[in-house]
Each structure stands twice: as structure tokens, then as C-alpha cells.
Amino acid sequence: MNAVAVALAIDMLRDCLSDGKVIPGRHFLDELTNEGLTLPDAWQVLRAGCIFNPPEPDIKTGEWKYTVEGYAPEGQWLAIIFSFKQIDTAYLITVFSVAAKGRHI
Amino acid sequence: MGFPVELQRIQVIECPKCGPEAIIPHMDELMNTVAMAVLSRPCMLTGPMVRFLRKYVNKSAREFAEFLHVDHTHLSKIENDHLDPGAPLDKLVRLTVMGLQPKLAEDIKEFMELMPNIKDSCLDEEAEIQIDPATGIYQYA
């Protein structure tokens, strides 16, 4: 798929969550576990987070990678890197927390 | 999720390096279905289930504990299965989640009919929730 603008990408991601499909990749699930998190944490970021930066190309796959960021329920700032396999299918590549942006709640 | 959930009749893709990866349709609706399945559990909620419900309504432990009128350390012990919630707190958790999530409001009548019949323990504590994402139907195995 071609790269899409950030504003469109976030709408497409929300559509994938509501009417389309999401594929949590193996590496994504492993990193989620390593962070001590579960799928609901990631889900909250996917549904309410923001994409701040334009997509970057994946040299190996040729796909465009987007990063959605936001707060998990416990206050961690998470970044989830994903791509669109199809217009209605988001593939979750990996996830990491950004300690500096976390908040204590 | 922290407790056993089986998604039935879903497609998988084969990643050459990492093996099968599930294709989850309608993830928003799936989360609602898992939440409703947990809320409808016919016996006391487990710690991971309480944690799931808390995260489902996007509350931190401190925030959720305030709704329940308990200390957040008490809630943490419950979520880590170091302490049973007890029947009144179990029901309060369920009602709080129902109240915080408008999407579940249409199921409130069915849910309230269930409430008096919640037992202290299940015959099979480890019974998994089986969900068919295509239909939204769930059952305990």
C-alpha cells in the first residue's frame, strides 16, 4: 500500500479496529509481555492515541510503518508501530514504552 | 488478556519466521464481547479478570479503586490473586464497569437478572471463555 497522510492513517486505524481487522504480530505480542502489558493496554492506545510523525518505509518489506502513541490505562506512554496490510487490515509490528513521557496516576 | 480466551473460527496468517498470527476482526466489538463475558461470569471474578475490566474502562488502579471505595493496594492484591474480592466487592466491580461503559448499557437488564445467581466459586476455575467474533456469541467451556 502507498503511504497515507497522518490524518488519514489514524482514521484508517480506527476503522480497522471497528469494522476491519487487526493482526497482532508475534514480535508485538512478545514485546507487550516484556513491557508487563496485555492487549487491553494496547487497545486503549490504538483507539485513542495519535500519530505524530509521517510514516517511515520498511527497507526489508517495502511497507510504510506508522507509529501511534498514547497513554495506557496505568499511565505508561506507549508507542505502537504498525503497517496497513490492506486498507482495512492493520498489522501490529512492535510496541515500546517511553518512560520519560509516562505519568503517575 | 490474563485469563484463557479462545477465539473460534478466526483466520490466521503464517509468518515464515514466527509462525501463525491471528487475524482479529472487529477488535472493538471483540473487547466489548470479552467484557460482557467476564461480567456475566456465573461465579466470582478472578484477579486477572478484574484487571482486564479495569483496563477495559481505561482506569488506572488508583482511579478504579476510588470508584470501589478501597485502597489501590487492596485492589492490586485482588488483581494479583493474593486476595479474594468477596461477594459485595465482586458485584461492585461489575456494576462499576457497567456504569462506566455506555456500550454495555443495552445489556444491563440481562446482567441484573444474572446478579443474584453469581456463586462464590466455579466448578472449573480455569474454564476458558470461547468467543466467536463473527457472531459475538460467547460461552464458558
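Within each chain, residue numbers correspond to sequence positions counted from 1 in written order. Chains carry letters from A onward and ligands carry numbers from 1 onward, assigned in written order. Totals for whole chains, interfaces and linings use every residue, but because this is a predicted model, local features are given only for residues with pLDDT of at least 70 and side-chain atom pairs only at 80 or more, for both listing and counting. Excluding hydrogens and water, the side-chain figures rest on all heavy atoms present in the structure.

### Brief notes about the overall build of chain A
Numbering of helices and strands runs from the N terminus, with a helix taken as a DSSP run of H or I at least four residues long and a strand as a DSSP run of E at least two residues long. On a plain count of helices and strands, chain A comes out with three helices and six strands. In terms of overall dimensions, chain A has C-alpha extents of about 40 × 25 × 25 Å along its principal axes. Each residue is assigned to one of three classes by its accessible area relative to the maximum for its type, calculated with a 1.4 Å probe on protein chains only: buried under 20%, partly exposed between the two thresholds, exposed over 50%. The burial tally for chain A puts 46% of its 105 residues in the buried class. The contacts of chain A with a sequence gap of at least 6 include a subset with a gap of at least 24, amounting to 53%. Just so you have it, chain A exposes about 5,100 Å², and 54% of that area is on carbon and sulfur atoms. Between the averaged position of the 9 positive side-chain charges in chain A and that of its 13 negative side-chain charges there is a distance of 1 Å. Contacts: residue pairs with any heavy atoms within 4.5 Å of one another. Note on areas: Shrake-Rupley, 1.4 Å probe, and residue coverage restricted to the protein chains presented here. Positive charges come from Lys and Arg alone, negative charges from Asp and Glu alone, with His and the N- and C-terminal ends not counted. For charged residues, the charge sits on one atom: NZ in Lys, CZ in Arg, CG in Asp, CD in Glu.

### Let's talk about the overall build of chain B
Within chain B, the regular secondary structure consists of six helices and six strands. Traced from its N-terminal end to its C-terminal end, chain B shows the element sequence β-β-β-β-α-α-α-α-α-α-β-β. Using C-alpha atoms as the atom set, the radius of gyration is obtained and then compared with a globule rule of 2.2 Å times the number of residues to the power 0.38. Computed over the C-alpha atoms, the radius of gyration of chain B is 16 Å, within 12% of the 14 Å expected from 2.2 N^0.38 for a compact globule of 141 residues. C-alpha atoms of chain B, sized along the principal axes, occupy 50 × 35 × 30 Å. Per-residue burial for chain B yields a buried fraction of 45% across its 141 residues. The long-range share in chain B, meaning contacts at least 24 apart out of those at least 6 apart in sequence, stands at 62%. Carbon and sulfur atoms provide 54% of the accessible area of chain B, an area that totals close to 7,400 Å². Chain B carries 14 positive and 22 negative side-chain charges, and their two centres are separated by 5 Å.

### Some remarks on the pattern of salt bridges
We define a salt bridge as a contact between a side-chain nitrogen of Lys or Arg and a carboxyl oxygen of Asp or Glu at a distance within 4 Å. Scanning all chains against the criterion turns up eight salt bridges over all chains. Across the pair glutamate 74 of chain A and arginine 54 of chain B runs a salt bridge whose closest N-O atoms are separated by 2.7 Å. Of this pair, glutamate 74 of chain A sits in the loop between strand S4 (64-71) and strand S5 (77-86) while arginine 54 of chain B sits in helix H2 (residues 47-56), each in a different chain. Looking at arginine 54 of chain B, the relative accessible area reads 2%, which means it is buried. Sharing partners across several salt bridges, the network here consists of Glu74 of chain A together with Arg51, Arg54 and Glu79 of chain B.

### Concerning the interface of chain B and chain A
With 23 residues of chain B at the interface, the matching set in chain A holds 22 residues. Note on definitions: buried area is the accessible-area loss of two parts on being combined, 1.4 Å probe, summed for both. Buried area between chain B and chain A, both sides added, is near 2,200 Å², and the carbon and sulfur share of it is 58%. On the chain B side of the contact with chain A, Met27, Asp28 and Lys55 of chain B bury the most area, a combined 27% of that side's loss. At the junction of chain B with chain A, the criterion picks out two salt bridges. Polar contacts here mean pairs of N or O atoms no more than 3.5 Å apart (in protein, one a potential hydrogen donor and the other a potential acceptor; neighbouring residues in sequence count only if both atoms are side-chain atoms). Counting the contacts that link chain B with chain A gives 14 residue pairs in polar contact (both at pLDDT 80 or more). At the level of elements, strand S3 (19-22), strand S4 (24-25), helix H1 (27-39), H2 and helix H3 (61-68) of chain B are the ones that each hand at least two residues to the side of chain B that touches chain A. Among the elements that take part in the side of chain B that touches chain A, H2 of chain B stands out by supplying four residues, more than any other. Under the scheme applied, nonpolar residues are Ala, Val, Leu, Ile, Met, Phe, Trp, Tyr, Cys and Pro; charged residues are Asp, Glu, Lys and Arg; polar residues are all the others, including Gly. Of the residues that constitute the side of chain B that touches chain A, the class distribution is 13 nonpolar, three polar and seven charged. Examined bridge by bridge, strand S1 (residues 21-24) of chain A and S4 of chain B share two bridges and lie antiparallel to one another. Across the sheet, residue valine 22 of chain A finds its bridge partner in S4 of chain B, namely isoleucine 24 of chain B. By this definition, two strands are paired if DSSP reports at least two bridges between them.

### Observations regarding a nonpolar patch on the surface
A contiguous nonpolar surface patch, about 230 Å² in accessible area, is contributed by Leu95, Ile108 and Met112 of chain B. With respect to the element layout, isoleucine 108 of chain B can be found in helix H6 (residues 108-114). Like charges within 9 Å and nonpolar side chains (Val, Leu, Ile, Met, Phe, Trp, Tyr) within 5 Å are joined into patches, using only residues over 30% in relative accessible area that form no salt bridge.

### Re the environment of threonine 96 of chain B
Residues and elements named next belong to chain B. Turning to its location among the elements, threonine 96 is positioned in helix H5 (residues 87-100). Separated by 66 residues in sequence, threonine 96 and leucine 30 place their C-alpha atoms 20 Å apart. In this structure threonine 96 touches Phe64, Phe67 and Leu68, once residues within four positions along its chain are discounted.

### Looking at the pairing of strand S2 (residues 12-15) of chain B
All names here are of chain B. In the sheet, S2 pairs with S3 via four bridges, with the strands oriented antiparallel. Its bridge partner lying in S3, cysteine 15 is registered against glycine 19. Where S2 folds back on S3, the antiparallel hairpin that results is connected by three residues.

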